[in-house]
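Coordinates in review
Take a look at the letters that make up each chain.
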Amino acid sequence: MPPSPVTPDQALAFGIVGVTIAMFVWGRLPYDLVALLALLASVVAGLVPAERAFLGFADDVVILVAAALLVSAAVAKSGIVETALRPLLPRLRGPASQVPVLAGMVMLLSGFVKNIGALALLMPAAFQLARRTGGSPSALLMPMAFASLLGGLVTLVGTSPNIIVSRVRQEVLGEPYGMFDFAPVGIVIALAGLLVLSFAWRLLPGGRHGAAGAPPIADYTAEALLPEGAAPPAADVAALQAMGQGVQVVAVIRERFRRLPPAPGLALRPGDRLLLRGEAEELERLVARAGLQLAGERQAAKAAAAEAGVVEGVVTEASPLVGRTPAELQLAERHGLALLAISRAGRQATRRLAAQRLRAGDVLIVKGEAERLEATLGALRVLPLSGREVALGSRRRSPWPVLVLAGAMLLVGLGLAPVGVGFFGAAVVLLAIRALSMREAYETVEWSVLVLLGALIPVSEAIRTTGGTDLLAGWLAAGLEGMPPLGAIALMMATAMAVTPFLNNAATVLMLAPIAAGLAERLSLSPDAFLMAVAIGAACDFLTPIGHQCNTLVMGPGGYRFGDYARVGLPLTLVVLAVGVPMIALVWPLAAR
């Protein structure tokens, strides 16, 4: 059959998509702006009716992606994963054991929370292990990033391509994919990939060190209180320090004024105040694990009752804090600031925080009402340090985010709620119980991704409504004539893998999934196999640092160069193709329904 002629509307739609892809590759304009320009052009050209121009922003997929981001952030804030992982970390003595464990943990988490959230959650553990064992984090970070992509293949909400492909299936077959429809293929690919990563990390260049960024401040001093009326979490100072992994007890203050030297065998009592010294992250872990209460938060309970923020800042020469103590300044009462910790270069803070006479150059961790925090620090001439996420005082240690996520997964898995409603409900519940504040929620949502999706959905539909997907499917079917079905699926997956680095995994699926469904129909095969191939290919960019945020996230900290990704990524890509194609054919019968 000769190929069908291209109609003017089809040519116009293809032209807009082609220019959009070219602008994505050019990279001079933000992805979301390019998508908005494509939508505007489609409306002006009459390809997208004006009354349907903004329906993409109300699409279920946009709401689901936003809800998944919020739930992921709340789980990360809870610290539950770090707590569960802590007993295991001291046993991992080298990359041979660290890579499979950390990659496996990231992979498991990525099936249930956003993969970039899972990666960010466990990256501090990688740095901690590398520092403790004298190794380089470069051996750990890239395998973890790739594992996060593999883990996202297992569930509907693990990665955006799965959500978008589910929507396309609903349009084609009248029913979306379920929460765990991706699991049979995704689990096998993920396990095969984990096996490759457990050995392929050796292909990475050794001795790489990441970008320095902001220098770590390792000598913070915090003041914590052992709660009255409860048994101490540790019998003595030595036992408490063992819980902290790097935190030193500087002094024990008893009965308000008695200062006791921190001898290892000194027994702890309820009501004791402890001066603790260490990194902010380690201090936060010890405070949470031992059930201690930061003295600064106790003094500023009113400030902490509002929506709070935590900031790290440097006391400048012009600050009114210089030469005065927090008690003299009434820092909590007059300014609404809780002083959580202090770092003083060249000298260890040895007094209670309220009695420390502050100096220019001191680095403080303070907590206060989020809306007023910036203005208050400006008035006090304290310069906030940018680019740092402060753990001390900002975590909300609670099992509720994990329980709410599990409840949503259960409802969706049993078919009692649609996946969009289930995760939207989970996000709302977590906001209601303040597992995540509204301010944090707005900061967490990747608005550029939502705009990209909302704008490109009508554009991709224009290709279908003009008959463009059928036309492309016809051309592909003619080119694949005589090729076995497995070859066609492999070609579809490889095409998605090749396109994703230059577009974006969401944009790739929006463009290719309708074409894949049309191609399956032309070949008289089931669309499921081809849709699965597109979803897997779009989610698995292992060759570049630009195709997925997880790859980009580890580039600087790992000290990687562009070409380093192919060292591990190429064998991993070949394994995904070799394992994924036959697994798709096995799980999703190729015969048309």
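Preceding this paragraph is the structure being described.
Predicted model, so just to flag it, every value in this text is computed and none were measured. (Residues numbered from 1 in each chain as written. Predicted model: local features only at pLDDT ≥ 70, side-chain atom pairs only at ≥ 80, totals over all residues. Heavy atoms only, no water.)

**Details of helix α8 (residues 160-173)**
- Taking 1.5 Å of rise per residue, the 14 residues of α8 would be expected to cover 20 Å, and the 20 Å separating its terminal C-alpha atoms lies within 8% of that figure.
- With 10 of 14 residues buried, α8 is to be regarded as a mostly interior element.
- For α8, every residue scored as buried is listed here: Ser160, Pro161, Asn162, Ile163, Ile164, Val165, Ser166, Arg167, Val168 and Arg169.
- At the C-terminal side of α8, Gly174 shows a positive phi close to 85°. (Helix = DSSP H or I, 4+ residues; strand = E, 2+ residues; numbered from the N terminus. Expected span 1.5 Å × (residues − 1). Buried < 20%, exposed > 50% of the residue type's maximum accessible area, 1.4 Å probe, protein only.)

**What to know about empty space enclosed by the protein**
- Per the counting criterion, the structure on display carries five cavities of 30 Å³ or more.
- Each pocket or cavity is described by its volume, and for the second largest cavity that value is around 70 Å³.
- Lining the second largest cavity, in full, are Arg167, Val168, Glu171, Ile457, Ser460, Glu461, Arg464, Leu510 and Pro514.
- If you list the elements that add at least two residues to the lining of the second largest cavity, you get α8, α20 (447-465) and α23 (505-522).
- The biggest single contributor to the lining of the second largest cavity is α20, with four residues. (1 Å grid on protein atoms, 1.4 Å probe; cavity = no way out; pocket = protein on both sides within 12 Å on 5 of 7 lines; lining within 4 Å. Points joined across faces, edges and corners; volume = space filled by probe spheres on them.)

**So, the packing of aromatic side chains**
- In this structure the tally under the stated criterion is six aromatic pairs.
- Where Tyr442 meets Trp447, the ring centres are 6.4 Å apart and the plane angle is 20°; that geometry is what we call stacked.
- Look at Tyr442 and you get exposed, because its relative accessible area is 53%.
- The partly exposed category is assigned to Trp447, whose relative accessible area is 46%. (Phe/Tyr/Trp six-rings, centres within 6.5 Å; stacked < 30°, edge-to-face > 60°.)

**Some thoughts on the pattern of salt bridges**
- For the structure shown, the criterion picks out seven salt bridges.
- The partner of Arg273 in a salt bridge is Glu223, and the shortest N-O contact between them spans 3.0 Å. One end of the pair, Arg273, is in strand β4 (residues 273-278); the other, Glu223, is in strand β1 (residues 220-225), and 50 residues separate them in sequence.
- Residue classification places Arg273 among the buried positions, given a relative accessible area of 17%.
- Take Glu223: its relative accessible area is 1%, and that puts it in the buried class.
- Among the ionic pairs, Asp564 bridges to Arg567, the shortest N-O distance being 3.6 Å. A residue pair is termed a helical-turn pair when its members lie 3 or 4 positions apart in one helix, as Asp564 and Arg567 do in helix α26 (residues 564-587) at three residues.
- Within the structure, one salt-bridge network assembled from shared partners comprises Glu223, Arg273 and Arg352. (Salt bridge = Lys/Arg side-chain N within 4 Å of Asp/Glu carboxyl O.)

**A closer look at the nonpolar core**
- Counting 137 residues, the largest nonpolar core has Leu150, Phe423 and Phe530 as the members making the most contacts within it.
- Residues within four places of Leu150 in sequence aside, it is in contact with Met107, Ile189, Ala190, Gly193, Leu194, Leu197, Phe542, Leu572 and Val576. (Core = buried A, V, L, I, M, F, W, Y, C linked by side-chain atoms within 4.5 Å. Contact = heavy atoms within 4.5 Å.)

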